[in-house]
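# Close look at the chain arrangement
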Amino acid sequence: MDEIIRLENVSYAYEEDGPRAVEGLNLSFERGSFTAVLGHNGSGKSTMAKLMNGLFLPTEGRVTVDGMDTADEKYTWEIRKKAGMIFQNPDNQLVATVVTDDVAFGLENLGVPPAEMPERINWALKQAGMAEHAFKAPHLLSGGQKQRVAIAGVLAMRPEIIICDEATAMLDPQGRREVLSVMEKLNREQGITVIWITHFMEEAVRFSRLIVMDRGSVAMDGTPAEVFSDEEKLERMHLRLPVMARLSMKLRKENADIPLCLTAEDLAREAEKRWN
Amino acid sequence: MLDNFAFGQYYPGTSVFHRMDPRMKIILLILYIAGIFCAGTLPSFAVPLLFMVFSIHMAAVPLKMVFKSLKPLRFILIFTFVLNLFFLQGERVLLDLGFARITREGLVNAVLYALRLVFLVMGSSLLTLTTAPVPLTDGLERLLSPLKAIRFPAHEMAMMMTIALRFIPTLLEETDKIMKAQSARGADFESGNLIQRAKAMVPLLVPLFVSSFRRAGELAMAMEARCYHGGEGRTRLHVLKMARRDYIALALGIVMVALTVALSRLTAGLI
Ligand SMILES: Nc1ncnc2c1ncn2[C@@H]1O[C@H](COP(=O)(O)OP(=O)(O)OP(=O)(O)O)[C@@H](O)[C@H]1O
Ligand SMILES: [Mg+2]
């Protein structure tokens, strides 16, 4: 397995001798993988995310990104370039008054020669589906569009990993769909490793691996079908399956040969395929 | 509330003024301010006036936009005018009110100060109308960067200005939202005397401050995640380059100041 991020026995406390926000994390992420992280409020998802690009340094244990230890200062900027991050609030991560200038921000910080910038910016904006808004002011864009500008800003830096910390939590359903499909495309076409933190169970099914966090530790780790099959355990962690997922999981338990479905249409289609 | 924000707004365009190097526009503004303060007589003010008319014409921005920036200043204008009117007591009395007199010298002085204020604001707004925020702060940063030698934080200041400009609309929107929410719960921002109105603002400002601090923390984190580590080793998307038009503008600016000084000397005895 070609591993790009590795957490070894990682713990983090916000205050010295304070409670551990995350405790004993042992995780490994494969290059090009598409992973969602689920968990109740305060389960340590954001803390884990910030440990993965050196924004936080582990109180105990070791985090490596492509073999580089985040605690080693000489790698700090290379790690942050390699592992981009999108945050929850679209307003609080855009710096400039024009979209292109904001996308340029990361490149400027990296010291990229000005002559190279326009091409990288255009490419990134196109990938994020924001090319036609290149010269707008961020405050005139919708939430979903702002998040896609943030994605372009990270993308222009040519990252290998993008960590999204509840990037859709403040968006309407339309914006949520847009942002998630951009990330799906980037994973599929550019081979970017995606770590998608969310509390929307509906989104989680689209990933190949689910990690469920509970009180600072990993409670479950597997494919959506594996994780969703233990409904009781999920409920104990205050995570509720979408109705159709519950129904399809129930049917699977009754030995029906049905995949995990999220919408009534999907379930009907799958059922028709098999029983007609 | 959002419409009131005319000062400091960019008016997109492609005029010579828009294309000029932001650094030269800032230098020109400084020259212009020097010019209006050198104009010590009413006739000598004709030079800055003509220069302003010419600049607005070259910048191709609607006059309305330039004048809009004066609106928030109308009280200060009236106040300084009245103050200056009585401040300088000359020989030639125009009006004797008993407790105070208006003299010709006082009147001229008051008009001059009012004109200076008006042209200063018009000049600055011409700069911000024709220069997008990022080139403006870029220009300022580069003009001030020699001062880094004496530890003046030129980059940090420019970055602060960019962020402030970026967040002004966001914060205005948020203020609007909080105001509406509180009005719905019976808060009254419109009536009452000054003290009552100021009191009504407190429940508005507290949540605004709290959220601003949260925003600042999150923004700092997001900037660090995008490899921001101060001005060192940073390149810029916009490469600033002086062109012929910039040197022509500089020459015109110097001529303008010289003419003003000369005319001011020549007409000094006339009033
Ligand atoms: N700045 C902080 N200072 C102290 N404790 C904190 C801080 N931020 C988070 N914590 C604590 O750390 C724990 C994990 O928080 P974290 O933000 O990682 O959770 P999360 O899973 O991202 O939650 P959410 O879904 O609300 O975003 C929580 O118990 C929280 O109270
Ligand atoms: Mg969180």
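Located above this text is the structure these notes cover.
Reading the values: the criteria
Residues numbered from 1 in each chain as written. Chains lettered and ligands numbered in written order. Predicted model: local features only at pLDDT ≥ 70, side-chain atom pairs only at ≥ 80, totals over all residues. Heavy atoms only, no water. Helix = DSSP H or I, 4+ residues; strand = E, 2+ residues; numbered from the N terminus. Rg over C-alpha atoms; globule rule 2.2 N^0.38 Å. Buried < 20%, exposed > 50% of the residue type's maximum accessible area, 1.4 Å probe, protein only. Contact = heavy atoms within 4.5 Å. Lys, Arg positive; Asp, Glu negative; His and termini not counted. Charge placed at Lys NZ, Arg CZ, Asp CG, Glu CD. Pairing = 2+ DSSP bridges. Patch = residues over 30% accessible without salt bridge, like charges linked within 9 Å, V, L, I, M, F, W, Y side chains within 5 Å. Areas by Shrake-Rupley, 256 points an atom, 1.4 Å probe, with all protein chains shown as cover. Salt bridge = Lys/Arg side-chain N within 4 Å of Asp/Glu carboxyl O. Buried area = accessible area lost by both parts, 1.4 Å probe. Polar contact = N/O pair within 3.5 Å; in protein donor to acceptor, adjacent residues only side chain to side chain. Nonpolar A, V, L, I, M, F, W, Y, C, P; charged D, E, K, R; others polar.

## A short note on the overall build of chain A
Helix and strand content of chain A: 11 helices and 10 strands. Taking 19 Å as the expected radius of gyration for a compact globule of 276 residues, we find that chain A reaches 20 Å, a close match to that expectation. The principal-axis extent of the C-alpha atoms belonging to chain A is close to 60 × 50 × 35 Å. Taken across its 276 residues, chain A has 57% of its residues classed as buried. Restricting the contact set of chain A to residue pairs at least 6 apart, pairs at least 24 apart contribute 63%. Here chain A contributes 33 positively and 43 negatively charged side chains, and the mean placements of these two sets differ by 3 Å.

## As for the sheet that holds strand β1 (residues 3-13) of chain A
Within a sheet, neighbouring strands are paired by backbone hydrogen bonds and run either parallel or antiparallel to one another. All names here are of chain A. With antiparallel pairing, four strands are arranged side by side in an open sheet as β2-β1-β4-β5. Two strands lie at the open edges of the sheet, namely β2 (20-30) and β5 (68-69), each paired on one side alone. In this structure, β1 lies alongside β2, joined through seven bridges in antiparallel fashion. Within the sheet, the bridge partner assigned to Leu7 lies in β2 and is Leu27.

## Details of a nonpolar patch on the surface
Taken together, the side chains of Leu94, Leu95, Leu97, Phe99 and Leu107 of chain B define a hydrophobic patch exposed on the protein surface, amounting to about 510 Å² of accessible area. Owing to a relative accessible area of 33%, Leu107 of chain B belongs among the partly exposed residues under this scheme.

## A short note on the interface of chain B and chain A
Each partner contributes residues to the interface: chain B has 31 residues there, and chain A has 38 residues. Summed over both sides, the interface between chain B and chain A buries roughly 3000 Å², with carbon and sulfur atoms accounting for 59% of that surface. The three residues of chain B that bury the most area against chain A are Arg166, Arg226 and Leu237 of chain B, which together make up 29% of that side's buried surface. If you look at where chain B meets chain A, you find five salt bridges. Among the ionic pairs, Arg80 of chain A bridges to Glu224 of chain B, the shortest N-O distance being 3.4 Å. For the interface between chain B and chain A, the tally reads 15 residue pairs in polar contact (both at pLDDT 80 or more). Among the elements of the structure, α7 (133-144), α8 (154-184) and α9 (194-225) of chain B are those that each provide at least two residues to the side of chain B that touches chain A. Here the side of chain B that touches chain A is built from residues that sort into 16 nonpolar, six polar and nine charged.

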